[in-house]
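Chain by chain, the residues:
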Amino acid sequence: MELQITDFAFGGAGVGKMDGDLVIFVERVIPGDKVEVSLTRIKKNFCEARLERIITPSPLRIKARCKHFGLCGGCSLQCMDYDEQLKWKEKIVRDSLERIGEIKNPPIAPIIGSESPWFYRNKMEYSFGEGLKLGLHPAKSYKDVFNLEECFLESELSAQIAVAVREWAISRKIQPYDPRVNTGVLRNLMVREGKNTSEIMVILFTNGQDFPNQKDFAKLIGEKFPAVTSVYRTAVVIKKGHKTAIEEFHLSGKKTLMETLTVKQSDGKNATLKFEILPQAFFQPNTKGAQILYETALNFAGSEGTETIYDLFCGTGTIGMFAASRAEKVIGIELNASAVENARKNAEQNGIKNIAFLCGDIDKMLPELKGKADIIITDPPRCGIFPKTLQKILELRPAKWVYVSCNPTTLARDLKEAITAGYKLKRVQPVDMFPHTYHVETVCELSIISMSLGL
């Protein structure tokens, strides 16, 4: 059937309508495309379809920069001018809050775009595949791998490292890991970079503890890429009936990657913090974008130095550490034990003494905390805040709540609950952290207007 694409859905699919009513989702298209599609999934309220051909391309279409565009599952919006991408991302946030959150005329500020929409990622993870391929997965296919030749989201050096490691593995005849039968050796290659420090960490993931080529791998990286400051191997050991074990081997260079973040605070002064990043520690993949995101969150918090702030889903504690200079006390809560350990070390390294990091479930730990939170900051995973946890947060009744979200649909769902419980949505600021992809970050400021819990 023929279909006119008129909109985007969060997730990157284009949207068209059949018979003026039934919604059809199509991958690899953009608004303005007239396409021929085949229905692949038919539901009561929507359908999914496969693109057969573009009959008339959208006037928004441009030539994609990367040769892997259309095959790779990463940059689905690279065929649109960047300014157009921003318009559609802002629209997705607005539509989500209006449709799912049932918020009329949400107070959304114009989206903040990226100053560097290319080469912005500080971490890339490549996969080994059958035939000793090393690269990324094709769209919607996590079993297959294509050989990466170029990528404009990472640094050029990162892509060069991937090519060199693939050639090295082929020359040594080291077999890729096959998860179907738990055989083979090479699983993944990760390259992490300090965009503000120029430090680089390379991590090779292998199947099993033993790896005779370990020293040879470290020698390869050291000789071909002298800019690399740290080399690791991570062994993934899978035994039937046992929990998967992960062991890290430091091969050469520094044990951590150092990165800095600089954020302008509400008093107009810049604050710079240092972060030591372990091989598996979480750190925002876009360093410069993270600085803008955190600056926005701190501006919305508007603390003056006398408040108690709870930083929930705090990860490695980056937002909380910046907030600490404008608060009496900050308490961060995170479920991931290694992230909490990393956060504590970074707080100590930066000399921050008015912050504490707790490890555990938020809904279980909040009732145990003594003292009232004046401000809470939440930065949950893509699935949003679980209902039980959301209930505990609403019971806190903080005067101000800053919600940082990477998913406008789950954000809208949670905001609806918060507004019902007596909060007012004061400000919404979309931030583009991941140009050329469908992802969009959003920072919201909520203030309490009713002390009664209206759930």
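Conventions adopted
- Residues numbered from 1 in each chain as written.
- Predicted model: local features only at pLDDT ≥ 70, side-chain atom pairs only at ≥ 80, totals over all residues.
- Heavy atoms only, no water.
- Helix = DSSP H or I, 4+ residues; strand = E, 2+ residues; numbered from the N terminus.
- Rg over C-alpha atoms; globule rule 2.2 N^0.38 Å.
- Buried < 20%, exposed > 50% of the residue type's maximum accessible area, 1.4 Å probe, protein only.
- Areas by Shrake-Rupley, 256 points an atom, 1.4 Å probe, with all protein chains shown as cover.
- Lys, Arg positive; Asp, Glu negative; His and termini not counted.
- Charge placed at Lys NZ, Arg CZ, Asp CG, Glu CD.
- Pairing = 2+ DSSP bridges.
- Contact = heavy atoms within 4.5 Å.
- Axes fitted to C-alpha atoms, helices over the stretch in contact; angles between N-to-C directions.
- Parallel < 35°, antiparallel > 145°, perpendicular 65-115°, else oblique.
- Left-handed = near helix turned anticlockwise from the far one by under 90°.
- Nonpolar A, V, L, I, M, F, W, Y, C, P; charged D, E, K, R; others polar.
- Expected span 1.5 Å × (residues − 1).
- Right-handed = clockwise from strand over helix to strand, strands pointing away.
- Disulfide = S-S within 2.5 Å.
- Polar contact = N/O pair within 3.5 Å; in protein donor to acceptor, adjacent residues only side chain to side chain.

(A) Region of interest: the overall build of the chain. Helix and strand content of the chain: 9 helices and 21 strands. For 455 residues, the compact-globule estimate of 2.2 N^0.38 gives 23 Å, and the C-alpha radius of gyration of the chain, at 23 Å, lies within 12% of that figure. Dimensions of the chain, computed from C-alpha atoms along their principal axes, come out at roughly 70 × 60 × 45 Å. A burial count over the chain gives 53% of its 455 residues as buried. Accessible area for the chain stands at about 21400 Å²; split by element, carbon and sulfur atoms hold 50% of it. When the 61 positive and 55 negative side-chain charges of the chain are each reduced to one mean point, those points stand 3 Å apart.

(B) Representation of the sheet that holds strand S9 (residues 186-193). The strand order across the open sheet formed by 7 strands is S8-S7-S6-S9-S10-S11-S12, and the pairing between neighbours is mixed. Each edge of the open sheet carries a strand with a single partner, namely strand S8 (146-147) and strand S12 (245-253). Inspection of the sheet shows strand S7 (residues 133-136) paired to S8 by 2 bridges, in the antiparallel sense. Looking across to S8, one finds that Gly135 is bridged to Asn147. Strands in contact with helix H2 (residues 156-172) are strand S6 (123-129), S7, S8, S9 and strand S10 (200-207); relative to S9, the strand with the most contacts, it is inclined by about 155 degrees.

(C) Quick look at the packing of H2 against helix H3 (residues 214-224). Relative orientation of the contacting elements H2 and H3 amounts to 140 degrees, with a least axis distance of 11 Å. Considering their axes alone, H2 and H3 lie oblique with respect to each other. Crossing hand, H2 versus H3: right-handed. Facing Ile161, Ala164, Val165, Trp168 and Arg172 of H2, the residues of H3 in contact are Asp216, Phe217, Leu220, Ile221 and Lys224. Across the contact of H2 with H3, the residue classes break down as 7 nonpolar, no polar and 3 charged.

(D) Inspection of H2 at higher detail. Look at H2: 25 Å from first C-alpha to last across 17 residues, which is about the 24 Å you get at 1.5 Å a residue. Within the span of H2, buried status applies to Ser158, Ala159, Ile161, Ala162, Ala164, Val165, Arg166, Trp168 and Ala169. Where H2 is buried, its residues meet S6, S7, S8, S9, S10 and H3. Of the residues one or two after H2, Lys173 is the one with positive phi, at around 55 degrees.

(E) Seen up close, the sheet that holds strand S16 (residues 329-334). Taken together, the 7 strands give an open sheet; going across it, the order is S17-S16-S15-S18-S19-S21-S20, and neighbouring strands pair in mixed fashion. Of all strands in the sheet, those with a lone pairing partner are strand S17 (355-359) and strand S20 (423-431), marking the two edges. Averaged over all neighbouring strand pairs, the angle between strand axes comes to 15 degrees, with direction disregarded. With 5 bridges connecting them, strand S15 (residues 308-312) and S16 associate as parallel partners.

(F) Expanded view of the packing of helix H1 (residues 82-99) against helix H9 (residues 408-420). Closest axis-to-axis distance for the H1/H9 pair is 8 Å, and the angle between their directions is 35 degrees. Note on packing geometry: the crossing formed by H1 with H9 is right-handed. Side by side, H1 and H9 meet where Ile92, Val93, Ser96 and Leu97 of the first sit next to Pro408, Thr409, Leu411, Ala412 and Leu415 of the second. Grouping the constituent residues of the contact of H1 with H9 by class yields 7 nonpolar, 2 polar and no charged.

(G) Representation of the environment of Gly12 in the model. Along the polypeptide, Gly12 turns up in the loop between strand S1 (2-8) and strand S2 (14-18). Along the chain, Gly12 and Glu27 lie 15 residues apart, while their C-alpha atoms are 7.0 Å from each other. Aside from chain neighbours lying at most four places away, what touches Gly12 is Glu27 and Tyr438.

(H) Broad picture of the pairing of S16. Taken across its 6 residues, S16 has 5 buried, putting it largely inside the fold. Once the chain exits S15 it traverses helix H5 (residues 318-323) before rejoining the sheet at S16, and the crossover so formed is right-handed.

(I) Structural view of the state of the cysteines. Within this structure, the stated rule accounts for 0 disulfides. Looking at the unpaired Cys359, the closest cysteine sulfur is the one in Cys314, lying at 9.1 Å. Look at Cys359 and you get partly exposed, because its relative accessible area is 38%. Counting only cysteine sulfurs, Cys406 is the nearest neighbor of Cys383, a cysteine outside any disulfide, at a range of 8.6 Å.

(J) Spotlight on the side chain of Ser303. Turning to its location among the elements, Ser303 is positioned in the loop between helix H4 (287-301) and S15. Residue classification places Ser303 among the buried residues on the basis of a relative accessible area of 6%. From its side chain, Ser303 meets the backbone oxygen of Arg326 in a polar contact 2.7 Å long. Those residues within four positions of Ser303 in sequence are excluded, and the remaining contacts are Ser266, Ile309, Arg326 and Ile375.

Note that every value here comes from positions in space, so none of it alone points to a role or purpose.
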